[in-house]
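Overview (structure and organization)
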Amino acid sequence: MLRKSLCILVLMLCLGLIVAGCPKKTVMKDEPSVTKEEAARIEAQKALERAEAEKAAKEAREKDSAGLKEEEARKALQKEFEKSLTARKQPGIEGEIFESAMLKDVYFDYDRYEIRPQDAEILKDNADLLKRFPKVKVQIEGHCDERGTIEYNLALGERRAGSARDYLLSLGISPDRVSIISYGEERQVDPGHDEEAWSKNRRAHTIIVSK
Amino acid sequence: MLKTPILLILCVSVFLVPAAEARVYLDIDSPAFVQIPIVLPKWKSLEKTPPALGAKIYEIVSNDLSLSGFFKVIDDQNLPPPLHEREGIPRTLFLQEWGPSGGELLLAGEVQLDPGGAYLKLRFHLFDLVEQKHLAGKQYEGALQALRGMVHRMSDEVVYQITGERGVHTTRLAYAVAQDEGKELFIADFDGANAKQITRNRSINLSPAWSPDNKKIAFTSYLRRNPDLYLVDRDGENFRLFSSHAGLNAAPSWSPDGKSIALMMGMEGKSDIYLLDADGNGPRRLTRGHGNEASPTWSPDGKRIAFVSDRSGTPQIYIMSASGSDVRRLTYDGNYNTNPSWSPKGKRIAFCGRAGGRFEIFTIDLDGSGLQRLTSGSGDNESPCWSPDGRYIAFSSNRAGVSKIFTMNANGFNQRPLTRSKGSESSPSWSRRFE
């Protein structure tokens, strides 16, 4: 009777060992005991695999987190952009439009309509913003200072708006997203009569016509 | 002669004047001319006509004669006694008693309001005090409401007798007035009276241009968030869209036959001069090249167009045929010449040129010679526009602070503001005579 119980106990111990064993490990069915060297090797193997697993898990977490950060950043930008939008309805001019401080004005030299290097940077930023929000359509307004004659200034304003538009297009913005309009000298932002005021008025200003 | 259905005016020549003998007293094309002193005794109100009516006529005709630039008016207040109390028409026999007045001409008249108070008869006589003879006389009849027009016709007749060409006192000017964030269009008589607003859309309305038949105004408006071309009748009615191509539809100029409009259009990404038919056909492109083209104006024979181009580097005046060929440059002085306006007499072009940092009005012969500066040292003077007889120029000037419409004789003489209103005015356009 005792011998039978002992056999069953040993059997159960062996079973227990097998069941409790690591799934990755090859189950050594017929050798319930290992040598010291082999045990060390197995341990080292285990440690290596653990380290690799941890590394992979860390990378996955970092990737997720970066993706999350990017997603957060995009959402934050979206929020910032939405927040920056001011709706405007001008009496006597059709349509409700939006303005955003994130779409910055560019300026021009007297009687000129070329984009200067410092203004090219601003237009690049504007283009980046437009790329992030591909549904947004804009209208670029060309303006002149109060000097010069009304009708010739309409032509100059048209060129200024056109220059800014051309630059955006060269950065990959689709032409159907950008329209232009010249206001000549009819819309001064600064009513002053000195170069400080005039330089503020010689501008291309971007408004949002649909989002 | 244009018909004006509202007015019932019968011009009756009471005393005949052989027109061939009309002495031309003034050389109005000379750079400076002497004004003829003309005596204006009080206007007589006959029978039961209120004296105020005679006084009103007096005020209008006195102002017209002075406005014409040809006369120095000696009014009743500047006459020595007993002349200052005289009223109405003197007898030719006694013209010598007007010697002490200092006048060379005398214009006198009377008015009779009919008993119903709605119609009147206006009569005048013009005398040469130097030769002591009668020059002309006429009678006008019409509704009381048409009084100003009648008096202006009378002034035109006086100008005709003295210069050989009728005056332009029946004409009107259209112009833009700044309002809030935009500009609205107005029309006023040449003497500044009857200023009427003809657009009421709160938008930016620019560059009014009278049609040659005096019936409508073409202009640019930003109503649809684009500078589009519109038409409106001179009474402000029947406002309609005429051209709305993407980009500019600006600075309209009617051909003298009223069949085409030259304008600035930006369809190719920059401003060029195009032609549109008055019935809507077109547009046809006239200018080519890399420059910015602006402000077309037609020659009176309809064969050529003067315009602004900066193809040489700076804006200058050019002339081309009405089909866009034979382009030649007109202005070489200065580096900013814009706003050309072709005289209805055909021989000179007025324009705005920058000189000494300010904008001044100049005129120049068609061959580029005879450059004459008409304004100087008084603010910025822009947008010149000739009267239909080619003897006056309207323009805008901010010499007194705010920009106002001014008129002057074509030699620069007699510059005066059109209205006394406070608003900022720009871009005058001169109608033809309302006869």
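Structure: above.
Below, the structure is looked at part by part.

What counts and what doesn't
- Residues numbered from 1 in each chain as written.
- Chains lettered and ligands numbered in written order.
- Predicted model: local features only at pLDDT ≥ 70, side-chain atom pairs only at ≥ 80, totals over all residues.
- Helix = DSSP H or I, 4+ residues; strand = E, 2+ residues; numbered from the N terminus.
- Contact = placed C-beta atoms within 7 Å.
- Axes fitted to C-alpha atoms, helices over the stretch in contact; angles between N-to-C directions.
- Parallel < 35°, antiparallel > 145°, perpendicular 65-115°, else oblique.
- Left-handed = near helix turned anticlockwise from the far one by under 90°.
- Nonpolar A, V, L, I, M, F, W, Y, C, P; charged D, E, K, R; others polar.
- Buried ≥ 20, exposed ≤ 12 C-beta atoms within 10 Å, placed from the backbone.
- Core = buried A, V, L, I, M, F, W, Y, C linked by C-beta atoms within 7 Å.
- Expected span 1.5 Å × (residues − 1).

**Considerations on the environment of B:S396**
Residue and element names in this part refer to chain B.
- In this fold, S396 is placed in strand β28 (residues 392-397).
- For S396 and I317, which are 79 residues apart along the polypeptide, the C-alpha to C-alpha distance reads 19 Å.
- If we skip the residues at most four places from it in the chain, S396 touches E382, S383, S403, K404, I405, E425, S426, S427 and P428.

**What to know about the packing of helix α1 (residues 51-68) of chain B against helix α2 (residues 147-163) of chain B**
All names here are of chain B.
- The contact between α1 and α2 brings their axes to 9 Å, and the two run at 40 degrees. Regarding the angle of α1 to α2, the classification is oblique. α2 is crossed by α1, and the crossing has right-handed handedness. Facing α1, whose interface residues are I57, I60, V61, D64, L65 and S68, α2 presents R148, V151, H152, M154, S155, V158 and V159.
- Considered class by class, the residues forming the contact of α1 with α2 number 8 nonpolar, 3 polar and 2 charged.

**Regarding unusual backbone geometry**
Residue and element names in this part refer to chain B.
- In this model, P81 is joined to P82 through a cis peptide bond whose omega is 0 degrees.
- Mapped onto the fold, P82 is located in the loop between β4 (71-75) and β5 (105-113).
- In the segment running from G282 into P283, the intervening peptide bond is cis, with an omega of 0 degrees.
- With respect to the element layout, P283 can be found in the loop between β17 (272-277) and β18 (284-285).
- If you check the backbone angles, E47 has positive phi at about 50 degrees while not being a glycine.
- Tracing the backbone through its elements, the reader meets E47 in the loop between β3 (44-45) and α1.
- When the 9 C-beta atoms within 10 Å are taken as the criterion, E47 is described as exposed.
- Even without a glycine there, the phi angle at S295 is positive, about 50 degrees.
- One can find S295 in strand β19 (residues 293-298).

**Some words on the nonpolar core**
Residue and element names in this part refer to chain B.
- In this structure, L173, I217, L263, M264, I393 and A394 are the most contacted members of the largest nonpolar core, which totals 80 residues.
- Look past the residues within four positions of I393 in its chain and what remains in contact with it is A350, I361, P384, C385, W386, M408 and A410.
- If you look at the next biggest cluster of nonpolar residues, it comprises 34 residues, including V61, F71, W98 and L120.

**A look at helix α4 (residues 150-170) of chain A**
All names here are of chain A.
- The terminal C-alpha atoms of α4 lie 30 Å apart, and with 21 residues this matches the ideal 30 Å at 1.5 Å per residue to within 8%.
- Across the 21 residues of α4, 18 count as buried, placing the element largely inside the fold.
- Phi turns positive one or two residues past the end of α4, at G172, with a value near 105 degrees.

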